[in-house]
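# What the coordinates show
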Amino acid sequence: MDTLTITGLRTQFQTPKGPLPAVDGVDLRIPKGTIVGLVGESGCGKSVTALSVLGLVPPPGEVVGGTIDFWGQDLRRCPEQELRRLRGNRISMIFQDPMTSLNPVVPVGEQVAEGLRLHLGLGRRAAKARALDCFQQVGIPDPAGRCGAYPRELSGGLRQRVMIAMAMACQPELLLADEPTTALDVTIQAQILQLMAQLRREQGTAILLITHNMGVVAQLCDYVYVMYAGEIVEEAETFALFRQPRHPYTQGLLRAIPSLEGGALTPIPGAVPELGALPPGCRFCGRCPKETADCRERHPALETVAAGHRARCLHPEE
């Protein structure tokens, strides 16, 4: 059984002009002990997908369809009290913006210790010791001194490491990591990625890694989902995706990766379409160098193009 199975997930935001489909029919699975990448440009629905899993989509957003199966339990049908017991315990999330996710009037060490007391039943002394150990694991200098600091007294990179320590403290079964290495220098990035790999290896934690960094995906992920304009447009094992991408959008993302040989990068022209004015055909139309009249009229389905490899394209390339 998979740790998490998402089927037909649809999340909308209500606006005066009508509903905006931020996540539109997404299927995604994360087997136990695997790291699955969810990649795409900003605004394509990656973060909303993760927030939908935890029931944390902010108003006026709402999950309107699909199932979110966590070890056989549909999280959409869970009462709020049960979701609160799961959040930060069996399911944790590293949020993208630590400044708005941390309590500004509580020392950061106490925020980590509070979750340990609540979910694991640790006493104050044991929770504080465990929080200190978590700070050391994520590379926070002078961890004992930083435990008493407030979020405003820390740099952006340190706040991000506090968020990672908080998410990993209870050794969750599922970790949703939304751009976990944002604002960190390359040395700390490598350390955090190593920690995530260690959590997967030693605890069997399943991880959904949300990122736009294809290099991180290549280094860490077992399987990859590529998201565009609220839909999954390609999915495959990591090696297969990098070796033979079949959707033009994925190909564009890979062409934009800097190489050791240098040279100019190849950007993807245009921008992601507005969710309130999606084209009737393929949503990548207008940016795709291979589009045809057929693409502008027919909305493609996500279909198998090779063993374990699916793409949402009328003309998937070999």
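Structure first, text after, so check above.
First, a word on what this report is: a plain description of the structure on this page. (Residues numbered from 1 in each chain as written. Predicted model: local features only at pLDDT ≥ 70, side-chain atom pairs only at ≥ 80, totals over all residues. Heavy atoms only, no water.)

## Description of the overall build of the protein chain
From N to C terminus, the protein chain includes 12 helices and 12 strands. Taking 2.2 N^0.38 as the reference for a compact globule, 318 residues should give roughly 20 Å; the C-alpha atoms of the protein chain span a radius of gyration of 20 Å, in line with that estimate. Seen along its three principal axes, the alpha-carbon backbone of the protein chain occupies a region of about 65 × 50 × 40 Å. A sequence separation of at least 24 residues applies to 62% of the contacts in the protein chain between residues at least 6 apart. By element, 52% of the accessible surface of the protein chain is carried by carbon and sulfur atoms, the whole surface being about 14,900 Å². (Helix = DSSP H or I, 4+ residues; strand = E, 2+ residues; numbered from the N terminus. Rg over C-alpha atoms; globule rule 2.2 N^0.38 Å. Contact = heavy atoms within 4.5 Å. Areas by Shrake-Rupley, 256 points an atom, 1.4 Å probe, with all protein chains shown as cover.)

## Observations regarding the packing of aromatic side chains
One pass over the full model with this rule turns up 4 aromatic pairs. Both rings, one in Tyr228 and one in Tyr249, keep their centres 4.6 Å apart while their planes meet at 55°; by these two values the pair is tilted. One end of the pair, Tyr228, is in strand 9 (residues 223-228); the other, Tyr249, is in helix 11 (residues 248-255), with 21 residues separating them in the sequence. Judged on exposure class, the residue Tyr228 and its partner Tyr249 are both buried. (Phe/Tyr/Trp six-rings, centres within 6.5 Å; stacked < 30°, edge-to-face > 60°. Buried < 20%, exposed > 50% of the residue type's maximum accessible area, 1.4 Å probe, protein only.)

## Notes on the sheet that holds strand 1 (residues 4-15)
Here we have 4 strands laid out as an open sheet, ordered 2-1-4-5, and antiparallel in their pairing. Every other strand in the sheet has two partners, leaving strand 2 (18-30) and strand 5 (73-74) as the edge strands with one partner each. Where strand 4 (residues 61-70) and strand 5 come together, 2 bridges link them in antiparallel fashion. Residue Phe70 lies in a different strand from strand 5, and its bridge partner there is Gln73. In the packing of helix 1 (residues 46-54) onto the sheet, contacts are made with strand 1, strand 2 and strand 4, and the angle to strand 1 comes to roughly 105°. (Pairing = 2+ DSSP bridges. Axes fitted to C-alpha atoms, helices over the stretch in contact; angles between N-to-C directions.)

## Here's the deal with unusual backbone geometry
For the peptide bond that leads from Pro59 to Pro60, omega is 5°, which places it in the cis range. Position of Pro60 among the secondary structure elements: in the loop between helix 1 and strand 4. Of note in this structure, Gln171 is not a glycine but carries a positive phi near 50°. With respect to the helices, strands and loops of the structure, Gln171 is situated in the loop between helix 7 (156-168) and strand 7 (174-178).

## Remarks on the pattern of salt bridges
The tally for this structure, following the rule as stated, stands at 17 salt bridges. Note that Arg77 and Asp74 form a salt bridge whose closest N and O atoms lie 3.6 Å from each other. Judged by its relative accessible area of 72%, Arg77 falls in the exposed class. When salt bridges with common partners are traced through the structure, they connect Asp24, Glu231, Arg283 and Arg312 into a single cluster. (Salt bridge = Lys/Arg side-chain N within 4 Å of Asp/Glu carboxyl O.)

## Details of the sheet that holds strand 11 (residues 303-306)
Strands sit in the order 6-7-8-3-9-10-12-11 across an open sheet of 8 strands; the sheet is mixed. Single-partner strands in this sheet number two, and they are strand 6 (91-94) and strand 11. The sheet shows a mean angle of 20° between the axes of neighbouring strands, direction not considered. Its contacts with the sheet put helix 7 on strand 6 and strand 7, and the angle it makes with strand 6 is roughly 175°.

## Digging into the nonpolar core
Judged by nonpolar contacts, the single largest core of 60 residues is most densely connected at Phe135, Leu175, Ile192, Met196, Leu209, Val226 and Tyr249. Excluding residues within four positions of it along the chain, Leu175 makes contact with Ser92, Met93, Ile94, Ala167, Met168, Met196, Leu199, Thr205, Ala206, Ile207 and Leu208. Ranked by size, the runner-up nonpolar core spans 37 residues in total, among them Ala50, Val57, Leu75 and Leu83. (Core = buried A, V, L, I, M, F, W, Y, C linked by side-chain atoms within 4.5 Å.)

## Section: the side chain of Lys46
Positionally, Lys46 belongs in helix 1. Of the buried charged residues, Lys46 lacks a salt bridge, with Glu179 as the closest side chain of opposite charge at 4.8 Å. A distance of 3.0 Å separates a polar side-chain atom of Lys46 from the backbone oxygen of Gly40. (Lys, Arg positive; Asp, Glu negative; His and termini not counted. Polar contact = N/O pair within 3.5 Å; in protein donor to acceptor, adjacent residues only side chain to side chain.)

## Let's talk about the pairing of strand 11
In this structure, strand 11 lies alongside strand 12 (residues 309-311), joined through 3 bridges in antiparallel fashion. The residue of strand 12 that forms the bridge with Glu303 is Ala311.

## Description of the packing of helix 7 against helix 8 (residues 186-203)
In the contact formed by helix 7 and helix 8, the axes pass within 12 Å of each other and the chain directions differ by 5°. The angle between helix 7 and helix 8 places the two elements in the roughly parallel class. Contacts between helix 7 and helix 8 involve Arg161, Ile164 and Met168 from the first element and Ile188, Ile192, Leu195, Met196 and Leu199 from the second. Split by residue class, the contact of helix 7 with helix 8 holds 7 nonpolar, no polar and 1 charged. (Parallel < 35°, antiparallel > 145°, perpendicular 65-115°, else oblique. Nonpolar A, V, L, I, M, F, W, Y, C, P; charged D, E, K, R; others polar.)

## What about the state of the cysteines?
Inspection of every chain in the model, using the stated rule, returns 0 disulfides. Between Cys221, a cysteine without a disulfide, and Cys44, which holds the nearest cysteine sulfur, the sulfur-to-sulfur distance is 14 Å. The thiol sulfur of Cys288 is not disulfide-bonded, and the nearest other cysteine sulfur, from Cys313, lies at 6.3 Å. Since its relative accessible area comes to 15%, Cys288 is described here as buried. (Disulfide = S-S within 2.5 Å.)

This is a description of form; function is not addressed.
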